[in-house]
Amino acid sequence: MRRKIIILLSCICLGLSACGKSEGKTETASARLDLGEYEEVKAYKEDGSEIYMYKDKDNVYRTKEKVAYYRGCDGIYRARGNENLYSEKELIDGKEDEELITEQEALEAIKNYCFEKEPGLERAMADENSKAYFTVSTDENKLINVTYRGYTAVLVNYQIDPVSGDVYATDSIPGIREEAMSTGEEFNIKTYMN
């Protein structure tokens with residue numbers, strides 16, 4: 001019995017020592033965090049500087065500040081409310097302005113979305129006494145914000161990524177609930193563009 005235990009402990013020790021060996025990778029490395037295994041990945045900020053993130057088993061990329069990024073098929077890492085990061089330096093310079101969704105395109109697409117969602121809205125907005133309206137602007141993170149004020153005074157803000165077309169919506173009620181809360185609406189604006 002004692003001999004079996006010694007053999008078992010020897011196997012465990014050999015297994016543990018093998019886990020600690022490096023494979024000599026220079027660009028990525030595996031390690032262990034308190035959350036589990038991760039892979040270190042290099043990305044680039046808009047100014048061209050390097051940043052390292054950690055990819056977990058669920059393909060979530062986290063910065064040392066613990067901001068969660070998701071990588072799109074285009075090689076761009078995106079996180080709500082944060083600047084985009086790029087898998088290759090060439091992607092930063094390769095962005096063409098004509099590929100970006102404009103404020104006007106975003107406004108028209110959100111109107112199409114809202115008119116489809118609320119069938120009588122377009123006719124109601126034509127009434128000169130209507131309090132419903134749309135506004136559009138671009139924020140400091142280069143995201144397009146289309147705000148819709150409905151006839152019930154609810155303000156719905158649609159935040160649009162001008163590259164991917166992904167939309168994230170929040171709403172608030174002035175004087176009642178000032179804090180913006182997610183509406184649960186997440187879609188791609190390109191579906192509603194003419």
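Heads up: these notes are all about the structure in this document. It should be emphasised that the depicted structure is a prediction, and the values quoted were computed from it without experimental measurement. Every chain is numbered independently, its residues counted from 1 as its sequence is written. The predicted nature of this model means local features are confined to residues of pLDDT at least 70 and side-chain atom pairs, given and counted, to a pLDDT of 80 or more, with totals for whole chains, interfaces and linings taken over all residues. Side-chain measures were taken over the full set of non-hydrogen atoms in the model, leaving aside hydrogen atoms and water.

## Some thoughts on the layout of surface pockets
Empty space among the atoms can be located by rolling a probe the size of a water molecule over them.
And then number 1: Here the largest pocket defines a volume of roughly 730 Å³.
And then number 2: Numbering goes from the N terminus for both helices and strands, where a helix is a DSSP run of H or I of at least four residues and a strand is a run of E of at least two. Elements that contribute at least two residues to the lining of the largest pocket include exactly β5 (68-71), β10 (155-160), β11 (166-173) and β12 (177-188).
And then number 3: Under the scheme applied here, ten amino acids are nonpolar (Ala, Val, Leu, Ile, Met, Phe, Trp, Tyr, Cys and Pro), four are charged (Asp, Glu, Lys and Arg), and all others, including Gly, are polar. The residue makeup of the lining of the largest pocket, split by class, is 14 nonpolar, eight polar and 13 charged. Residues are called lining when one of their atoms sits within 4 Å of a cavity or pocket point, these points coming from a 1 Å grid over the protein atoms alone, where a cavity is a set in which a 1.4 Å probe fits but cannot get out and a pocket is an open set with protein on both sides within 12 Å along at least five of seven lines. Grid points are joined across faces, edges and corners, and a volume is the space filled by probe spheres set on the points.

## Here we look at the pattern of salt bridges
And then number 1: Here, a salt bridge means any side-chain nitrogen of Lys or Arg that lies within 4 Å of a carboxyl oxygen of Asp or Glu. Scanning all chains against the criterion turns up four salt bridges.
And then number 2: Linking D161 and R78 is a salt bridge whose minimum nitrogen-to-oxygen distance equals 2.9 Å. A residue pair is termed long-range when its members are at least 10 positions apart, and D161 in the loop between β10 and β11 and R78 in strand β6 (residues 76-78) qualify at 83 residues.
And then number 3: With a relative accessible area of 8%, D161 lands in the buried category.
And then number 4: Owing to a relative accessible area of 14%, R78 belongs among the buried residues under this scheme. Accessible area is worked out with a 1.4 Å probe on protein chains only. A residue is then buried under 20% of its type maximum, exposed over 50%, and partly exposed in between.

## A word on the nonpolar core
And then number 1: Nonpolar core, defined: a set of buried Ala, Val, Leu, Ile, Met, Phe, Trp, Tyr and Cys residues in which side-chain atoms within 4.5 Å join the residues together. Among the nonpolar cores identified, the biggest contains 23 residues, and I110, V146, Y158 and I160 are the most heavily contacted of them.
And then number 2: Taken together, the elements giving at least two residues each to this core come down to α3 (103-117), β9 (144-149), β10 and β11.
And then number 3: No other element matches the seven residues that α3 contributes to this core.
And then number 4: When near neighbours in sequence (up to four residues on either side) are disregarded, V146 contacts A106, L107, I110, F134, T135, V136, V156, N157, Y158 and I160. Two residues qualify as a contact provided that any one of their heavy atoms is within 4.5 Å of a heavy atom in the partner residue.

## Structural notes on the environment of K117
And then number 1: Following the sequence through the fold, K117 ends up in helix α3.
And then number 2: Under the relative-accessibility criterion, K117 is labelled partly exposed at 44%.
And then number 3: Residues in contact with K117, not counting those within four places in the same chain, are Y158 and E185.

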